[in-house]
Amino acid sequence: YTNAGTGCYTTRFVSINPNPAAITGTPAVCIGGTTTLSCVSPTGIWYSSNISIPIDPTTGVVSGSSTGTTTISYRYASTGCMSNVIVTVNPNPGTISGPAIVCAGSSITMTNPVPGGTWSTSNTAIATAVSGTGVVNGVSNGTVNVLYTMAGCPAATKALTVNPLPGTIVGILSTCYGSSTTLTSTVSGGRWYSDMPTIASVDSVTGVVTGHTLGTSVITYRVVSGCMTMANVTVNPLAPILGSDSVCVGSEIDLTNIVGGGTWVSSNPAIASIDTFTGHVTGLVNGITYIGYTLPTGCAATFFLQ
């Protein structure tokens, strides 16, 4: 310490002492349990900042007497230098609540009355868990344990069965007013449902879908396990052909359909020809032919022409 005016000074030696090495061991314990901490530096003494969570001063054994946290110190008595670690005493996890079955590709939510734990599964190829939420996702067919873990405590478990989805719905996914299409699945024994039966109804056993009005209906195939697969079925428009049902040889008429975009055809163009796009008919010889009008969707109307 130097006097600025005179330059006189006095000195004192200061010793810089080392801290003990880092504390090792599991810094979490379950209520009622113990965890042992250690330090490679010799001659230190263990201390706990929370008397409700004591530590043996010589062995480093922490007793989980009550839930909460404490700062554990390993201290040199001669110098007061120390190393610290925070130890948490957790409650035992409660019983897991939630469904015991999920479909592959679907999700369920598990709960536990004790907050702060971590969710996982015993086999992520069968089901996965979103750690902070309890949401479990079915991945593939099988049985798996869902685990809820508090650090230092045995995990709570719940068995979960993942059922497979029914096979893919097979068939033509469109039909016309008043017409039908048949859907099938590679998995038998299920039942068919329509979310909009006024647009397209479906026979629950046969899978025959009948179109009623223009629109789209979701057709569902559900098996006994409750797992299901879905497909959209579109009902396309179909309208009658309008115009005269007869024409004279050498004369012409025009046929129309209120749904545009279709193509016209005559079953016997030697009797009466028709323009593919306009519906303009020319009578050629005496006889009968059928006129067809087909939409790009495949819906078709027919007309008897003499």
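Now for a description of the structure that goes with this document.

### What to know about the overall build of the protein chain
In terms of helices and strands, the protein chain carries zero helices and 28 strands. A globule of 306 residues ought to have a C-alpha radius of gyration of about 19 Å, yet the protein chain, at 41 Å, is considerably larger. Burial status across the protein chain gives 36% buried among its 306 residues. Sequence-distant contacts, at least 24 apart, represent 49% of the contacts inside the protein chain between residues at least 6 apart. Accessible surface computed for the protein chain: about 16,300 Å², of which carbon and sulfur atoms make up 57%. In the protein chain, 5 side chains carry a positive charge and 7 a negative one; their mean positions are 51 Å apart.

### Some remarks on unusual backbone geometry
Here Thr-43, not a glycine, exhibits a phi torsion of approximately 70°, which is positive. Structurally, the position occupied by Thr-43 is in the loop between strand 2 (34-36) and strand 3 (44-48).

### Things to note about the side chain of Asn-236
Considering the arrangement of structural elements, one finds Asn-236 in strand 22 (residues 228-236). Residue class for Asn-236 comes out buried when judged on its relative accessible area of 11%. Once residues lying within four places of it in the same chain are set aside, the contact partners of Asn-236 are Ser-174, Thr-175, Cys-176, Tyr-177, Leu-214, Thr-297 and Cys-299.

### Structural notes on the environment of Asn-286
Tracing the sequence through the fold places Asn-286 in the loop between strand 26 (280-283) and strand 27 (289-294). Separated by 114 residues in sequence, Asn-286 and Ile-172 place their C-alpha atoms 40 Å apart. Among residues more than four places away in sequence, those in contact with Asn-286 are Val-249 and Ile-271.

The rules we used
- Residues numbered from 1 in each chain as written.
- Predicted model: local features only at pLDDT ≥ 70, side-chain atom pairs only at ≥ 80, totals over all residues.
- Heavy atoms only, no water.
- Helix = DSSP H or I, 4+ residues; strand = E, 2+ residues; numbered from the N terminus.
- Rg over C-alpha atoms; globule rule 2.2 N^0.38 Å.
- Buried < 20%, exposed > 50% of the residue type's maximum accessible area, 1.4 Å probe, protein only.
- Contact = heavy atoms within 4.5 Å.
- Areas by Shrake-Rupley, 256 points an atom, 1.4 Å probe, with all protein chains shown as cover.
- Lys, Arg positive; Asp, Glu negative; His and termini not counted.
- Charge placed at Lys NZ, Arg CZ, Asp CG, Glu CD.

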